[in-house]
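Listed below are the residues making up each chain.
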Amino acid sequence: MMRRFACVAALSLMLGACGGSGGGSNGGDSPVPSGETDPLVPVTESRAGTIYREEIAVEATGDTLVIQVFEPSQLEAGKTYPLVLHSHGYGGTRLTEANDFVQHLIDSGYYVISIDERGFGESSGTVRVMDPDYEGQDLIAVLDWAENLEGLRRRANGEMYVGSYGGSYGGMYQMLLYMADPKHRLRVLAPDITPHDLTYSLNSHDVIKSGYALALSAGGESLTALPDAVAGLDPTPLLGYLDRPGPRQDALVYETLVQGALTNTFPQAGFNAFKYHSVAYFCDGEAAGEQAFNIAEPDSILFAPVLPPPADVLITQGFRDTLFNFNDGVGNYDCLKALGGDVRLLTHQSGHILPVSLTSLPGAEDALDAFYQAVNVPNFQDAGGSRSCGSIDLDAVTFAWFEEKLQHKSGAINAALSTGGNVCMSLGEGDAVSVRTVKRGGTAFPIDASTPQLSGALGILGSILGNEAREALLATQPLMTVPAGGAVLAGIPTLLVEMAGLSGLELPDCTALGPLGTLPLGCDPILYFGIGHRAAGTERWDLIDDQITPVRGFGLHLLEMNGIAERLAEGDELALLIYGFHVQYPVTWSRDLLVPALNVGGSVSLPLLTPGEIVRDGV
């Protein structure tokens, strides 16, 4: 079952040094600040706050959304209170009791509403993965219902003061509501480990991220009887399957991901649907494509790709996240910062982590080190770390974000966030640097093309060969030894790679697509590229942050690899690691039996930071 990626519960941290200024209020501390308007429903009698369940009937979709309302711990007559929204990760449910972070919020004078998203918990409907036409309209209805909360604080234009937080799916709802609400009420956001473009996150460079896609399509259930239905042979098993009790994922999810697993190609209808469900749809400004599903209901495309007004957005993203990687955070950051709001980007060592391997067990990495000369142990990824950027506690920053943006507490953010407006790059647990901009590319290293690379079934064998054999086959290509003083590698590497057939072999016409968009035999090589780090005196090449970038098809490819960040010591080595198979993509390696190997050449450029590019070392 897919891990429930709910937002990490925050510690109860007080910001006593961040006193109010400029007429700000902390719940019951002072009257309505100047420049704001009176609430629609004032608090007429002081009373203790309560916690209650509410059902919201959504006329636009026919759904019933269930929420939990946490009132401020104490409501005082004549005072006003901002609202903070929360929602869960994929597979999760709303909070029904206050955790530490919610308790801290309501004690500090906030309303909190925790939402069961469509298809989860007690809410009705099916899960269409943040579809503007369904989940989007449901979320708008939540804000419409909240308009009549007692003492709800309002801006000078009459709209509510509302913020939001949550991680993964709990970050996606924030971005969707911000983009889709015609009143643009949500202006203070704190999304964690959130995608920018689901077609990139699930289908990276046209290779389905099957380690996650299969878990998503399963939704905790067996997929018995689905393959034939999704292939378009007989819809009856799927339609009956979807009527069963349990997790209520939509046919759109099943049809897209199961057909993708069967054909090794992300279907065009699903691609267009997931693009429409992405922040990138609004940022790119391109019209939504046709959704010609066999079974699933296509979107009506009720929302145009138009960007909202500026907002204040605290984006946090995990460098070890292999589903919604650092590049997703950068995509959201670039898009929203360009609108003109206060947008920050901070990173950490947590996120979506695939099942850990032997190397994550205490002491296992050292014990296994001697074996890497002979064999490489298959490794999903190492364990994640905490939600902090160096010494900066990101939960404390999130609370401070609300205090300053919603409660007018000037200085709250600076007290919790020492990097100011710069990007905080987490290099490891307790270690970080701040930079003005995210570096893309950098120092270029050539790719040795003198030995073909193994693909397909031979690639599986090549992925477990030991260091000596892999280096002889140029599947591991050492790039540099770190000089005295060490180095900082932090940003987005770029890859310029030419993938060509073996000499003397004639390629078929690779422009003629087969059934369901598949490539003809002899045209479909897939390789996986990563940056390896070997500490001085050890054997193991560690895939930095477990980030792997697939490349598919013959020809010249220029692309951004997954972002990485690591501090390197003197004598450490860096290498380009090339695989024909990787366990993060367990069923989406090349199935083309006519391409057992191919020639590869080009260059890789690494974001090795110069001293001038680092604003602060040791955050």
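Residues numbered from 1 in each chain as written. Predicted model: local features only at pLDDT ≥ 70, side-chain atom pairs only at ≥ 80, totals over all residues. Heavy atoms only, no water.

Caption draft 1: Layout of the pairing of strand β6 (residues 111-115). The element β6 is extensively covered by neighbouring structure, given that five of its five residues are classed as buried. Burial along β6 is two-sided: Y111, I113 and I115 facing one way and V112 and S114 facing the other are all buried. In the sheet, strand β3 (residues 64-70) pairs with β6 via four bridges, with the strands oriented antiparallel. When the sheet's bridge partners are listed, F70 is paired in β6 with V112. Where strand β5 (residues 83-87) and β6 come together, five bridges link them in parallel fashion. Each bridged residue has a counterpart across the sheet, and for V84 the counterpart in β6 is V112. In this fold, β5 hands off to helix α1 (residues 100-107), which returns the chain to β6; that crossover is right-handed. (Buried < 20%, exposed > 50% of the residue type's maximum accessible area, 1.4 Å probe, protein only. Helix = DSSP H or I, 4+ residues; strand = E, 2+ residues; numbered from the N terminus. Pairing = 2+ DSSP bridges. Right-handed = clockwise from strand over helix to strand, strands pointing away.)

Caption draft 2: Just the confidence of the model for the protein chain, in detail. Model confidence for the protein chain is summarised by a mean pLDDT of 87, while 84% of its residues fall at 70 or above. This model gives residues 1-32 a pLDDT under 50, and the stretch forms 84 contacts once residues within four places in sequence are excluded. Segment residues 220-246: pLDDT under 50, and 42 contacts once partners within four positions in sequence are set aside and those in other chains are kept. (pLDDT = per-residue confidence, 0-100. Contact = heavy atoms within 4.5 Å.)

Caption draft 3: Region of the structure containing the pattern of salt bridges. All told, the structure shown has 38 salt bridges when counted by the stated rule. A salt bridge links E71 to R47, with the shortest nitrogen-to-oxygen separation between them at 2.8 Å. Within this pair, whereas E71 is found in the loop between β3 and β4 (74-75), its partner R47 is found in strand β1 (residues 47-48), the two being separated by 24 residues in sequence. The class of E71 is buried, set by a relative accessible area of 7%. Shared partners join several salt bridges into a network, and the residues in it are R320, D382, R540, D542, D545 and D546. (Salt bridge = Lys/Arg side-chain N within 4 Å of Asp/Glu carboxyl O.)

Caption draft 4: Structural view of unusual backbone geometry. Despite not being glycine, M130 shows a phi value in the positive range, around 50°. Among the structural elements, M130 can be located in the loop between β6 and α2 (132-146). If you check the backbone angles, S168 has positive phi at about 65° while not being a glycine. Residue position: S168 is located in the loop between β7 (162-167) and α3 (169-180).

Caption draft 5: Broad picture of α2. Its 15 residues place the ends of α2 20 Å apart at the C-alpha level, agreeing with the 21 Å of an ideal helix rising 1.5 Å per residue. Among the 15 residues in α2, 12 count as buried, and that is most of the element. Looking at α2, one finds that the buried residues are P132, D133, Y134, E135, G136, D138, L139, I140, A141, V142, L143 and A146. Near the N-terminus of α2, the side chain that reaches the backbone nitrogen of D133, with its oxygen 2.9 Å away, is that of D131. (Expected span 1.5 Å × (residues − 1). Polar contact = N/O pair within 3.5 Å; in protein donor to acceptor, adjacent residues only side chain to side chain.)

Caption draft 6: Spatial organisation of the state of the cysteines. A full pass over the atoms with the stated rule returns two disulfides. Disulfide partner of C283: C335, at an S-S distance of 2.0 Å. The S-S bond linking C283 to C335 shows a torsion near -95°; that makes this disulfide left-handed. With a gap of 52 residues between them, C283 in helix α10 (residues 279-284) and C335 in helix α11 (residues 326-337) connect regions that are remote in the sequence. With a relative accessible area of 12%, C335 lands in the buried category. The side chain of C389 participates in a disulfide bridge whose partner is C424; the two sulfur atoms lie 2.1 Å from each other. Note on the C389 and C424 pair: the S-S dihedral is about -105°, so by sign convention the disulfide is left-handed. Of this pair, C389 sits in strand β13 (residues 388-389) while C424 sits in strand β15 (residues 423-428), placing them 35 residues apart in sequence. When its relative accessible area of 0% is taken as the criterion, C389 is described as buried. (Disulfide = S-S within 2.5 Å.)

Caption draft 7: Structural context of the side chain of E566. By secondary structure assignment, the location of E566 is in strand β26 (residues 564-568). Although E566 lies buried, it forms no salt bridge, and the closest oppositely charged side chain, R320, sits 5.6 Å away as judged by the N-O distance. Among the polar contacts listed, one links the side chain of E566 to the side chain of H533, at a separation of 2.7 Å. Excluding residues that lie within four positions of it along the chain, E566 makes contacts with L427, A487, V488, L489, H533, I544 and D545. (Lys, Arg positive; Asp, Glu negative; His and termini not counted.)

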